[in-house]
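# Inside the fold
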Amino acid sequence: MDSIIALAFTAFIAENIILSQFLGICPFLGVSTKRSNALGMGFAVLFVMLISSMVTYALYTYVLEALDIVYMRTIVFIIVIASLVQMVETFIKKVSPALYKALGIYLPLITTNCAVLGVAILNITKEHSFGETVVYTTFIGLGFIFVMYIFSMIRERIDKAPVPKAFQGIPIALIVASILAIIFARFGGIV
Amino acid sequence: MARFSGGKAPFLRISDTKGHGTNVLMRDFIIGLLPVILFAWYKNGILVYSQGNINFFEMLYPLFFIIVGGLGSVLMEAIFFLVIDKEIKTPKQLMEKLSTSYAAIPGLILALMLPVYTPIWVLLFGCFIANIVGKSLFGGFGHNIWNPALLGYAVIKVTLMGVINAAGSYLNVSEVLVDSYAGATPLAMLAKNIISYDALVTPYGGLWNLFAGFHPGGLGETSFLVMIISYIWLSARKVIRWQTPLLFVSVFFGLSWVVGALNGVTDIWFPLYSIFTGGIMFGAVFMITEPVTTPRNPLGKTIFILFLAVLTILFRYVGNLPEGFGTAIILMNIFALPIDKFSAIIKANRWDKVAYKYIAIIFGILIVLGLYAVLKAGNSYNLFIPLIQIGGAF
């Protein structure tokens, strides 16, 4: 990686977590019916992602590699992420009950959100340094928020349109998602 | 369409009277497309025939191709309505429904964007994506989020470009015989990152040829000259706002000049070359003026156009996508609604304190993107890297 800007841009658009790596599809479809919910979910995921990838980076480098038990990676990462999500949930419940209610079941579901685990593992396999891990994860999270936001915006608009009955709800959302993926695929060469 | 005509009182709207309204608008739009269609036929049919490279029936092929695009779309839409809409029982009801969905226009525009020897089934696939997936599934005319024709084009570009290349790519029969074309559209030459008159303009016979449209490219998107005729007609009939294409082309002209200057080419041929190629005028006249997928108020339109110009620079000169304009439009279609909303808020608050937040967001993004695009396209980007690189800390 010769420059941080290229890394940030790659993480944000070119390797967008949802539209080109196809991780985190569950919240992408589930919480994107309203703009405010999408933003709330996005920031929750960004927060969890950032903390968890920093913790997992430290654990991987100073514990797993030092003790030569790298094969424990998946299990350790899952445990770390699960406990972090629990923390975030408690935190949001205290600070913003409305947001907590709006997110509903999807907040505990961050535990099994493959995007969070995916980013933690991507940081390891791409052999990022600590600084790069922070930048990469932040912009992956921002890319997640960005895509969630425009997707929820489009869905809000579609809700008012006379979509044929067979395509209402998730089917038309999936069509929109595929079109978005085609458009975002064109960003590959820009970095 | 009945935005102001609710309630009991007359609430007379001019668009409901005879000689106005969407029907007339669309009729005028098709008339505006006619010069382009005729030019496409002349360039790829008649001209090649007069040079003796094809026979009489092959001469008619380009016209046939375009008409198939239009008719195929109408046919598909008819089948779609028959399948989906249970209320349609008589042919008359079907005709009524079809007459308000204007399926032919995306088909015609899509056919004009594709190369001549695209297989017919690829064209029909594109029409399917454009009319059924891009428009009807979203609720029909007036509810589509993306420009239907461009959506069809983008999907073909991603999935079936290999088939088109195998069938002859962008060259028609006469153009294959010209050695200097090297099998590429003018912009594909630019994608190799050489900015020099000899490499970019000379093979195509000078700027006049680029202006008049006699260079390889899609069927009808090549000619700047013919597009000006359509532009004048459509503006005179008030189908499109005359400011929109003019503003876009001039902003893009200016930005290209800056990019050229940063690369050491300050002559005027480079920005001229930039606006003559890659269907800039075609998109400017027929796509960014579309009422459904672009912002409605003037300030919104201006913001939309500025973003478009910056993104086109980004896709074309940095991303090496010769047809970057189409990608830029289809990307900006997503943001038509928020731009419309934000610009309305800015206007309603008369640019005062409440509006500052929105102004800061929109123009902040615009300036950052613009600087990145222009500097990176101008290769000056590398000079700034040492200043902002924080790699040493890691």
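Here's what I pulled together on the structure shown here. Keep in mind that what you see is a predicted model, and the values were worked out from it rather than measured.

This part is about the overall build of chain A. Secondary structure summary: chain A contains nine helices and zero strands in total. When its helices and strands are written in sequence order, chain A yields α-α-α-α-α-α-α-α-α. A compact globule built from 191 residues should have a C-alpha radius of gyration of about 16 Å, and chain A, at 17 Å, falls within 12% of that. Referenced to the eigenvectors of the C-alpha coordinate spread, the extents of chain A come out at roughly 60 × 45 × 25 Å. Expressed as a percentage of its 191 residues, the buried residues of chain A come to 50%. Long-range contacts, defined here as pairs at least 24 residues apart, represent 76% of the contacts in chain A between residues at least 6 apart. Just so you have it, chain A exposes about 8,500 Å², and 70% of that area is on carbon and sulfur atoms. Seen as two clouds, the 12 positive and the 9 negative side-chain charges of chain A have centres 20 Å apart.

Further remarks concern the overall build of chain B. What chain B contains, in helices and strands, is 20 helices and zero strands. The 394 residues of chain B split such that 56% are buried. Considering only contacts in chain B between residues 6 or more positions apart, those separated by 24 or more positions represent 71%. Accessible area of chain B: about 17,500 Å², with a carbon and sulfur share of 69%.

Time to look at the interface of chain B and chain A. Contacts between the two partners involve 38 residues from chain B and, on the opposite side, 32 residues from chain A. Summed over both sides, the interface of chain B with chain A buries roughly 3,200 Å², with 77% coming from carbon and sulfur. Connecting chain B to chain A are zero salt bridges. Secondary structure elements with two or more residues in the side of chain B that touches chain A: helix 2 (56-84), helix 6 (148-159), helix 16 (298-318), helix 17 (324-334), helix 18 (336-348), helix 19 (353-377) and helix 20 (381-388) of chain B. If one sorts the elements of the side of chain B that touches chain A by residue count, helix 6 of chain B sits on top with five residues. Taken together, the residues that form the side of chain B that touches chain A break down as 28 nonpolar, seven polar and three charged.

What follows covers the pattern of salt bridges. Pairs can form between side chains of opposite charge whenever their charged atoms are close. All names here are of chain B. The final tally for this structure, using the stated rule, is six salt bridges over all chains. We note a salt bridge from Arg237 to Asp28, for which the minimum N-O separation is 2.8 Å. In this pair, Arg237 sits in the loop between helix 12 (224-236) and helix 13 (243-262) while Asp28 sits in helix 1 (residues 21-50), placing the two residues 209 residues apart along the sequence. Judged by its relative accessible area of 2%, Asp28 is buried. A salt bridge links Asp340 to Arg296; the shortest N-O distance between them is 3.9 Å. Highlighted residues: Asp340 in helix 18 and Arg296 in the loop between helix 15 (280-286) and helix 16, separated in sequence by 44 residues.

Taken together, the side chains of Leu75, Ile79, Leu82, Val83 and Ile84 of chain B define a hydrophobic patch exposed on the protein surface, amounting to about 480 Å² of accessible area. Classification of Ile84 of chain B by relative accessible area gives partly exposed; the value is 32%.

All names here are of chain B. Taking 1.5 Å per residue as the helical rise, helix 13 with its 20 residues ought to reach 28 Å, and the 29 Å between its terminal C-alpha atoms agrees with that figure. On the buried face of helix 13, the contacting elements are helix 12, helix 14 (269-276), helix 15, helix 16, helix 17 and helix 19. Trailing helix 13 by a residue or two, Gly264 shows a phi angle of about 90°, which is positive.

On to the packing of helix 6 of chain B against helix 17 of chain B, then. Residues and elements named next belong to chain B. At a minimum axis separation of 10 Å, helix 6 and helix 17 run at an interaxial angle of 125°. By the angle class used here, helix 6 and helix 17 are oblique. Of the two possible hands of crossing, helix 6 and helix 17 adopt the one that is left-handed. Here helix 6 contributes Leu150, Leu151 and Ala154 to the contact with helix 17, which in turn contributes Gly326, Ile329 and Ile330.

Residues and elements named next belong to chain B. Assignment of secondary structure puts Ser73 in helix 2. Look at Ser73 and you get buried, because its relative accessible area is 0%. If near-sequence neighbours (up to four positions away) are discounted, Ser73 is found in contact with Val68, Ala103, Gly107, Cys127 and Asn131.

Membership of the largest hydrophobic core comes to 169 residues, with the highest contact counts inside it found for Ile109, Trp146, Phe248, Phe286 and Ile334 of chain B. Looking at this core, the element that brings in the most residues is helix 16 of chain B, giving 14 residues. Here this core spans two domains, since at least three of its residues come from each of domain 1 (23-177) and domain 2 (220-380) of chain B. Those residues in contact with Ile334 of chain B that sit more than four places away from it in its chain are Ile150, Met153, Ile154, Leu180 and Ile183 of chain A together with Trp146 of chain B. By size, the runner-up hydrophobic cluster in this structure holds eight residues, among which are Val76, Leu84, Ala120 and Ile124 of chain A.

On to helix 7 (residues 114-125) of chain A. All names here are of chain A. If you check helix 7, its first and last C-alpha atoms are 16 Å apart, about what twelve residues at 1.5 Å a residue would give, namely 16 Å. Inspection of helix 7 places Ala115, Val116, Gly118, Val119, Ala120, Leu122, Asn123 and Ile124 among the buried residues, and these make up the whole buried set. Of the surrounding secondary structure, the elements contacted by the buried residues of helix 7 are helix 3 (35-67), helix 4 (73-95) and helix 8 (130-159). Of the residues one or two after helix 7, Glu127 is the one with positive phi, at around 55°.

Before going further, it helps to examine the packing of aromatic side chains. Under the definition given, this model contains 27 aromatic pairs over all chains. Considering the side-chain rings of Trp269 of chain B and Phe270 of chain B, the 5.8 Å spacing of their centres and the 85° angle between planes classify their relative orientation as edge-to-face. Residue class for Trp269 of chain B comes out buried when judged on its relative accessible area of 9%. An aromatic cluster is present here, built from Phe12, Phe146 and Phe184 of chain A together with Phe335 of chain B joined pairwise through their rings.

Here the focus is unusual backbone geometry. Note on backbone geometry: most residues besides glycine have negative phi, and most peptide bonds are trans. Residue and element names in this part refer to chain A. A positive phi is found at Phe22, a non-glycine position, where the angle reads about 55°. By the element assignment, Phe22 lies in the loop between helix 1 (4-14) and helix 2 (25-30). In this model, Asp68 sits at a positive phi of 60°, which is unusual for a non-glycine residue. Along the polypeptide, Asp68 turns up in the loop between helix 3 and helix 4. The class of Asp68 is exposed, set by a relative accessible area of 60%.

Analysis parameters
- Residues numbered from 1 in each chain as written.
- Chains lettered and ligands numbered in written order.
- Predicted model: local features only at pLDDT ≥ 70, side-chain atom pairs only at ≥ 80, totals over all residues.
- Heavy atoms only, no water.
- Helix = DSSP H or I, 4+ residues; strand = E, 2+ residues; numbered from the N terminus.
- Rg over C-alpha atoms; globule rule 2.2 N^0.38 Å.
- Buried < 20%, exposed > 50% of the residue type's maximum accessible area, 1.4 Å probe, protein only.
- Contact = heavy atoms within 4.5 Å.
- Areas by Shrake-Rupley, 256 points an atom, 1.4 Å probe, with all protein chains shown as cover.
- Lys, Arg positive; Asp, Glu negative; His and termini not counted.
- Charge placed at Lys NZ, Arg CZ, Asp CG, Glu CD.
- Buried area = accessible area lost by both parts, 1.4 Å probe.
- Salt bridge = Lys/Arg side-chain N within 4 Å of Asp/Glu carboxyl O.
- Nonpolar A, V, L, I, M, F, W, Y, C, P; charged D, E, K, R; others polar.
- Patch = residues over 30% accessible without salt bridge, like charges linked within 9 Å, V, L, I, M, F, W, Y side chains within 5 Å.
- Expected span 1.5 Å × (residues − 1).
- Axes fitted to C-alpha atoms, helices over the stretch in contact; angles between N-to-C directions.
- Parallel < 35°, antiparallel > 145°, perpendicular 65-115°, else oblique.
- Left-handed = near helix turned anticlockwise from the far one by under 90°.
- Core = buried A, V, L, I, M, F, W, Y, C linked by side-chain atoms within 4.5 Å.
- Domains from an automatic or database assignment.
- Phe/Tyr/Trp six-rings, centres within 6.5 Å; stacked < 30°, edge-to-face > 60°.

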